[in-house]
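Report on the structure
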Amino acid sequence: MFYVGGITEQAIGKTAPWFVLAVMLFSFAVRSIYLESCSMFVRGGVYVVVRDAMGPLMAKLSVSALVVDYVLTGPISAVTAGQYLGHLFNEICQLLHHELRLDPSSFSVLFAAAVTLYFCWSNVKGIQESSGKALRIMQVTTVMVAVLLVWCPLTLLVRGGWSWPPAPLPQNLRFTAESLGWLHGTFWVELAPVALVIAFGHSLLAMSGFETLAQVYREIAYPKLRNLRRTANIVCSYALLSTGLISLYAVMIIPDETRKLYYDNLIGGLSMSLAGPTLLKLSFHIFVVIVGMLILSGAVNTSIIGANGVLNRVAEDGVLLDWFRKPHRRYGTSYRLILVVVVLQLVTIVLSRGNVIWLGEAYAFGVVWSFFLKGLGVLALRFQRTDQEYKTPLNLRLGERELPIGLSLTVLALFFVALANLFTKQVATYAGVSLTSLLFSVFLISERANARRRKSLAKKKGLEEFNLEPQADVAQNAVHARPGCVLVAVRDYQRMEHLKRVLEKVNLRRHDVVVMTVRQLSTGAAEYGLRDDQLFSDYERTLFSRVVEMAEKQGKPVELLVVPGTDPFVAMVQTAQKLKASRLVTGVSARMSSEELARRIGLAWEKLPEPRHAFSLEVISPDRPSMYVNLGPHPPRLWPEDIDRLHELWLKLTEEEGIGAKLHHRDVVGVALQRLERDLEGSQREEVLQHIRKEMRKS
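Every chain begins its residue count from 1, and numbering advances along the sequence as written. At least 70 in pLDDT is required for a residue's local features to be given in this predicted model, at least 80 for side-chain atom pairs to be given and counted, and no such filter applies to totals for whole chains, interfaces and linings, which use all residues. Only heavy atoms go into the side-chain values, all of them from the structure, while hydrogens and water stay out.

A closer look at the overall build of the protein
To be explicit about the condition: Strands are runs of DSSP state E lasting at least 2 residues, helices are runs of H or I lasting at least 4, and numbering of each runs from the N terminus. We call a residue buried when its accessible area falls under 20% of the maximum for its residue type, exposed when it is over 50%, and partly exposed in between, using a 1.4 Å probe and counting protein chains only. Just so you know, the count uses Lys and Arg for positive and Asp and Glu for negative, and it drops His and the chain ends. Note that the charge is assigned to NZ on lysines, CZ on arginines, CG on aspartates and CD on glutamates.
Helix and strand counts for the protein come out as 27 helices and eight strands. Overall, the C-alpha framework of the protein stretches about 95 × 70 × 60 Å when taken along its three principal axes. Out of the 699 residues belonging to the protein, those deemed buried represent 50%. Side-chain charges of the protein comprise 76 positive and 61 negative groups, with the mean position of each set lying 3 Å from the other.

Section: the side chain of His87
Along the chain, His87 falls in helix H4 (residues 56-95). According to the relative accessible area criterion, His87 is buried, its value standing at 17%.

Notes on a nonpolar patch on the surface
Rules: For patch detection, residues must exceed 30% relative accessible area and be free of salt bridges, and they are connected within 9 Å for like charges or within 5 Å for nonpolar side chains (Val, Leu, Ile, Met, Phe, Trp, Tyr). A 1.4 Å probe and the Shrake-Rupley method give the accessible areas. Residues count as covered only by the protein chains that appear here. One speaks of a salt bridge when a side-chain nitrogen belonging to Lys or Arg is within 4 Å of a carboxyl oxygen belonging to Asp or Glu.
Taken together, the side chains of Leu394, Leu396, Leu398, Ile405, Leu409, Leu412 and Phe416 define a hydrophobic patch exposed on the protein surface, amounting to about 670 Å² of accessible area. Secondary structure elements with two or more residues in the nonpolar patch: strand S1 (396-398) and helix H17 (405-424). Sorting elements by how many residues they give to the nonpolar patch places H17 first, with four residues. Within the fold, Leu394 resides in the loop between helix H16 (356-382) and S1. You can call Leu394 exposed: its relative accessible area is 60%.

A few points about the pattern of salt bridges
In the structure shown here, the tally under the stated rule is 19 salt bridges. We note a salt bridge from Lys60 to Glu447, for which the minimum N-O separation is 2.9 Å. Of this pair, Lys60 sits in helix H4 while Glu447 sits in helix H18 (residues 426-456), and the two are 387 residues apart along the sequence. Residue Glu447 is classed as partly exposed on the basis of its relative accessible area of 27%. Through salt bridges with shared partners, a single ionic network connects Glu36, Arg382, Lys391, Arg397 and Glu402.

Considering the side chain of Thr424
Rules: Whenever a nitrogen or oxygen atom comes within 3.5 Å of another N or O atom, the pair is scored as a polar contact, on the condition that within protein one atom can donate a hydrogen and the other can accept it, and that pairs from neighbouring residues in sequence are kept only if both atoms are in side chains. Only heavy atoms enter the contact rule, under which two residues are in contact if any of them lie within 4.5 Å.
Tracing the backbone through its elements, the reader meets Thr424 in helix H17. Of note is the side chain of Thr424, whose polar atom sits 2.7 Å from the backbone oxygen of Ala420. When residues no more than four places from it in sequence are discounted, the contact partners of Thr424 are Glu178, Ser179, Leu180, Gly181, Leu183, Ile198 and His202.

Re the nonpolar core
Threshold: For this analysis, a nonpolar core means a set of buried residues of the types Ala, Val, Leu, Ile, Met, Phe, Trp, Tyr and Cys, connected via side-chain atoms within 4.5 Å.
In this structure, Phe2, Met144, Leu148, Met207 and Ile267 are the most contacted members of the largest nonpolar core, which totals 133 residues. Among the elements that take part in this core, H16 stands out by supplying 17 residues, more than any other. Beyond its immediate chain neighbours, meaning those up to four positions away, Leu148 contacts Pro153, Ile246, Ile267, Leu270, Leu274 and Phe284. With 30 residues, the next largest nonpolar core counts Ala571, Leu584, Ile601 and Ala604 among its residues.

A short note on the environment of Gly375
Considering the arrangement of structural elements, one finds Gly375 in helix H16. Take Gly375: its relative accessible area is 0%, and that puts it in the buried class. For the pair Gly375 and Glu36, spaced 339 residues apart in sequence, the C-alpha separation works out to 9.9 Å. Excluding anything up to four places from it in sequence, Gly375 contacts Ile33 and Val411.

Here it is as structure tokens:
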């Protein structure tokens, strides 16, 4: 929405909005490919679909193209945000008659680098953007879109004499030498179908992000497929109304000579070309830039998260060295993968020199090839599997065989567009092929190195050998732990003071000790079978070797457990419930305080299905006393002054008020709780909350 209109018009001329709208309509067909993929429970994304359908070699090629897509999403978004901000600064200076000016391209490079580094550090620390914040950004963006969709038609009505952009016909296309690439001067561009495909290819960067559907499918509420289909339809419809119509209005409202000045910040130019007072238009322009900075900067964060998730899924299949997945010593994140992605993004930002067109062309390269390979994989699976809950429309049945006409046409269209982009985007082809080849080579080399490592792993000194017993579910008989066991969660083999304290204090005649680690998976990961060598990584082998060493020093046996999960807090409380543990013990977190850690684990416990097993949580820190929290309903720990106050109230009620000896302390507490509950729902709510906060500060 923020950059596709200007990029496309520079490539194919004033008829660009029609092709952007065509791409938005075509997105419904691409949406069907991802819906069909999810309906077969192939939710590992592009990599798993292509691997299952066409083998590991093509899978590595497809995921290389997808990572190129993610790597370029961040730079084009951040650079565009910088362009909007730089142009706005210059316009304000011009209105104030100030001589100060910025070079928008140079400023956008610095701005994009700063934003990328900020989100790099956030992801290394493991700070997750809340869904509430993302929703608020989308709400603000929707306000901006709604204002434009109302103000633009009013502007056309007030001014009158408006005209539609030229029809999307071959004779109306205005290609440049750069937009034709190697086809410039050849007879191919004189063929009408080829010219239309080339123009469509230059507009395809308007469509991206469908890989997110494969990642979020497992998180969507029941009925999954119906809700996923609704979600995809909402997203595509939103894009059609926003990206499609805004690109159309920009050509209809902004004068041709003026529009050339706003190719890098088209909505900014549109806001300043609307009908109305200059101050009002400038205010709205500032609002547009703020929205653009929020949503485009957020896309940088999304690209880092997405690339990290894809590479982690690939690593689980043994295609990346364990070195890449080694957790950060303090934060426990796969920081090396994050840094690799960010370094590639920073290099891209610097090489682009703030040129949004170059970034857009390179971005389109990764988008179209990842779409095509995903579609080809789903098409191949159509002939290998019959368990599709959803099928791409337009299927022709001939006897017992079904021909996927709609799916085949979609994949064929993607193939032609991919070929057109390959020959018309010279710089993008060089950059895309180089980056894809680099990633593909890394995957091949890593896979072979992993194969050699597996052969020599048994000879590695200092590590224990473990017999793996994969289980479909965690159960007491699987880990040989009695009810009431102590469950210890470990993650970093260099920070296991809490395990040491448990081993020193525990009485094995009363409690067994189970040591667990959570293999944190990205959303949508591990939806396919893993080999034995993938179930237990080198890092986990090292971690549990240290656990065994500590247990042997204390002369106490422990049970070991690896639990996969997308949320470590949920994995811990679910395991504690299934083992009927009496206590869950964790160390301190580098990312949050002990109180926040306890709160997060408590929230995960509250989400467990009834009946919930109550147990205590102990957070052990090497430099301060342990923190204990009871999860579940439990008698509160009262201070001596609280007990005295309760007793004095009881005496007053029984003696002075004459209620009698049948009154118990519990009755006093029950009435107090009922009054508190009523006050919280009434007019005294704020007064009660202030009193509670004051009491909290005392303790």
